[in-house]
Amino acid sequence: LGEDEVILEWYITINDFKVFIITRDSTQPDVWQSSLEDLQALEKFQQEYIDDYINHPDNWIYQLETRLKKLAKILHIDKIISHLPKNCQRLILVPFRYLHLLPLHALTSRRLRQNVEETGTLLELFPGGVRYTPSCQLLQLSQRVNPTGEESSPTRLFAIQNPTEDLDFTDIEVEAIAKSFNPAEVLIREKASKTGLQQQLAALQNADIAHFSCHGFFDFLDPRKSALILAGAKITTDGVDSENKSYIRSRRGETFDIAECLTLEEIFDLRLSKCSLVTLSACETGLTDIRDSTDEYIGLPSGFLYAGATNIISTLWAVNDVSTAILMIKFYELFLSETRPPVAIALRESQLWLRSLTVKGLLEWVEASKLLSHEHKTTIQDSFAYGYDDDYQPYEAPHFWAAFCAVGQ
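Residues numbered from 1 in each chain as written. Predicted model: local features only at pLDDT ≥ 70, side-chain atom pairs only at ≥ 80, totals over all residues. Heavy atoms only, no water.

1. Details of helix 13 (residues 359-368)
Thought 1: Taken residue by residue, helix 13 has Val359, Gly361, Leu362, Trp365 and Val366 as its buried positions. The buried side chains of helix 13 occupy one side of the element, clustering within an arc of 160° when seen end-on.
Thought 2: Turning to helix 13, the residues buried within the fold contact helix 11 (321-335), helix 12 (343-356) and helix 14 (374-383). (Buried < 20%, exposed > 50% of the residue type's maximum accessible area, 1.4 Å probe, protein only. Helix = DSSP H or I, 4+ residues; strand = E, 2+ residues; numbered from the N terminus. Arc of directions from axis to C-beta. Contact = heavy atoms within 4.5 Å.)

Spelled out as structure tokens, the structure:
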């Protein structure tokens, strides 16, 4: 750990939940322990949260901000943060079981710094970034692969772009990002199929950065079948046997042939030791199996970490097409700038920027962007041409920005 880093690792028992607070100088963790009532409140919270997300998504979006305030109280985030050393700038969060599904970085807390009490989300309170790791073991593994966390400026990009051809802003996102790389191998729309991916496997495995801008699917019943949806996977004919294990069905009611998707099982077999970042700009790419009572994390990020990637950006829910494209373009602007900030800091600054962005500020950023083509600038500008006040903040709600997590080193 760095001198200004702290690990917060959760553990849930049958009687309480604990938080292990670990610093560079810890001879043993500082352990904070909840009451049984806290645990019961947390269990009830996660059941309602997950049920709403799966069965009542509109209500889930409406309730999200209120629920995050409630969760901060249940987890006693204020008390935990008060245990941290004053010099702490960076947090590494190690959730446990269903806590992996929750945007802990978006929880609000208070912190005393330089004798001034500050209130804000954990992202705001820790300028060195908040990042996640599935386990301390995987964090240690990634540090062995890349001990310093530093690498030369990335030049080789591999990207999947809008394989299902229903994410118009994904085309804008990838085309803008690709301008910063040479070479950039991009599989576009119908070319981003399973066959196309297999033919370009060498380009993926030699890439400095891999960017998947597509639909994602998390299978709560069989996490190994979780997948990134590729071109040609969607089944358009009626009468598909829903019990057929070679098919997966999304919560939008669409059916996909799993053989034409990139599944978690296949991701584990990739060789991505040259890849410093995998960006999963897709829905539900950070979810994990919560039925197992152990701390084993089974999800797409763990697959990419196991395959050798150093950092992953993933999402905790189905994300908005427009705001995601804007956030991702801003992220790469920062990440590839001369200062080359770590992934967690570049993502933090992008999220806080999106959250506070006004319509006026957005249109000014679009107009000044060197990455957006004239056509793409017009598309975004037209989206905000009518019915918006200049000072309106369209992406202030956590639904738009809090889904994104930096995982890994």
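2. A look at the sheet that holds strand 15 (residues 255-257)
Thought 1: The strand order 13-15-14 describes an open sheet built from 3 strands, whose pairing is antiparallel. Two strands in the sheet have a free side with no partner beyond their single neighbour: strand 13 (234-235) and strand 14 (247-249).
Thought 2: Note: strand 13 against strand 15, 2 bridges, orientation antiparallel. Across the sheet, Lys234 pairs through a bridge with Phe256, a residue of strand 15. (Pairing = 2+ DSSP bridges.)

3. Observations concerning unusual backbone geometry
Thought 1: With an omega of 5°, the peptide bond between Asn182 and Pro183 qualifies as cis.
Thought 2: Tracing the backbone through its elements, the reader meets Pro183 in the loop between helix 6 (168-178) and strand 9 (184-188).
Thought 3: If you check the backbone angles, Arg97 has positive phi at about 45° while not being a glycine.
Thought 4: Tracing the chain through its elements places Arg97 in the loop between strand 4 (90-94) and strand 5 (108-113).
Thought 5: With phi around 45°, Arg340 is a residue other than glycine that occupies positive phi space.

4. Observations concerning the pairing of strand 9
Thought 1: Here strand 8 (residues 157-161) pairs with strand 9 via 5 bridges, running parallel. Of the residues in strand 9, the one forming a bridge with Phe158 is Glu185.
Thought 2: Viewed along the sheet, the connection from strand 8 through helix 6 into strand 9 turns out right-handed. (Right-handed = clockwise from strand over helix to strand, strands pointing away.)

5. So, helix 1 (residues 36-55)
Thought 1: Between its terminal C-alpha atoms helix 1 stretches 28 Å, which fits the 28 Å expected from 20 residues at 1.5 Å a residue.
Thought 2: Buried within helix 1 we find Asp38, Leu39, Leu42, Phe45, Gln46, Tyr49, Ile50, Asp52 and Tyr53. For helix 1, the angular spread of buried residues about the axis comes to 165°, placing them on one side. (Expected span 1.5 Å × (residues − 1).)

6. With respect to the nonpolar core
Thought 1: Trp10 and Phe212 are the most contacted members of the largest nonpolar core, which totals 121 residues.
Thought 2: If we ignore the near neighbours within four places in the chain, the residues touching Trp10 are Phe17, Lys18, Val19, Leu75, Ile77, Leu93, Val94, Pro95, Phe96, Leu99 and Leu104.
Thought 3: Counting 8 residues, the second-largest nonpolar core is a separate cluster that includes Ala227, Ile229, Ala233 and Ile258. (Core = buried A, V, L, I, M, F, W, Y, C linked by side-chain atoms within 4.5 Å.)

7. Considering the environment of Pro29
Thought 1: As for its placement among the helices and strands, Pro29 is situated in the loop between strand 2 (17-23) and strand 3 (30-33).
Thought 2: Owing to a relative accessible area of 35%, Pro29 belongs among the partly exposed residues under this scheme.
Thought 3: Put simply, Pro29 and Leu8 are 21 residues apart on the chain and 9.6 Å apart in space, counted from C-alpha to C-alpha.
Thought 4: Residue contacts for Pro29: discarding those within four places in its chain leaves Phe20, Ile21 and Ile22.

8. A few points about the sheet that holds strand 12 (residues 227-228)
Thought 1: An order of 11-12-16 is seen for the 3 strands of this open sheet, with the pairing classed as antiparallel. In the strand order of this sheet, the two ends are held by strand 11 (216-217) and strand 16 (262-263), each with one partner.
Thought 2: Both strand 12 and strand 16 contribute to a ladder of 2 bridges, which runs antiparallel. Bridge assignment links Ala227 to a residue of strand 16, and that residue is Thr263.

9. Here we look at the packing of aromatic side chains
Thought 1: Throughout the structure, instances matching the rule amount to 16 aromatic pairs.
Thought 2: Between the aromatic rings of Phe331 and Tyr332, the centroid separation amounts to 5.1 Å while the plane-to-plane angle is 80°, which identifies the pairing as edge-to-face.
Thought 3: A relative accessible area of 0% means that Phe331 is categorised as buried.
Thought 4: Ring centres 6.3 Å apart and planes at 85° place the aromatic pair Phe384 and Tyr395 in the edge-to-face group. Placement of the pair is Phe384 in the loop between helix 14 and helix 15 (398-401) and Tyr395 in the loop between helix 14 and helix 15, with a sequence separation of 11 residues.
Thought 5: The class of Tyr395 is buried, set by a relative accessible area of 6%.
Thought 6: Through pairs of rings, three or more aromatic residues link up here, namely Phe45, Tyr49, Tyr53, Trp60 and Trp317.
Thought 7: Over the ring of Trp353 we find Lys330, and its NZ or CZ is 4.9 Å from the ring centre.
Thought 8: When the ring centre of Phe335 is taken as reference, the NZ or CZ atom of Arg340 above it lies at 4.7 Å. (Phe/Tyr/Trp six-rings, centres within 6.5 Å; stacked < 30°, edge-to-face > 60°. Lys NZ or Arg CZ within 6 Å of the ring centre and 35° of its normal.)

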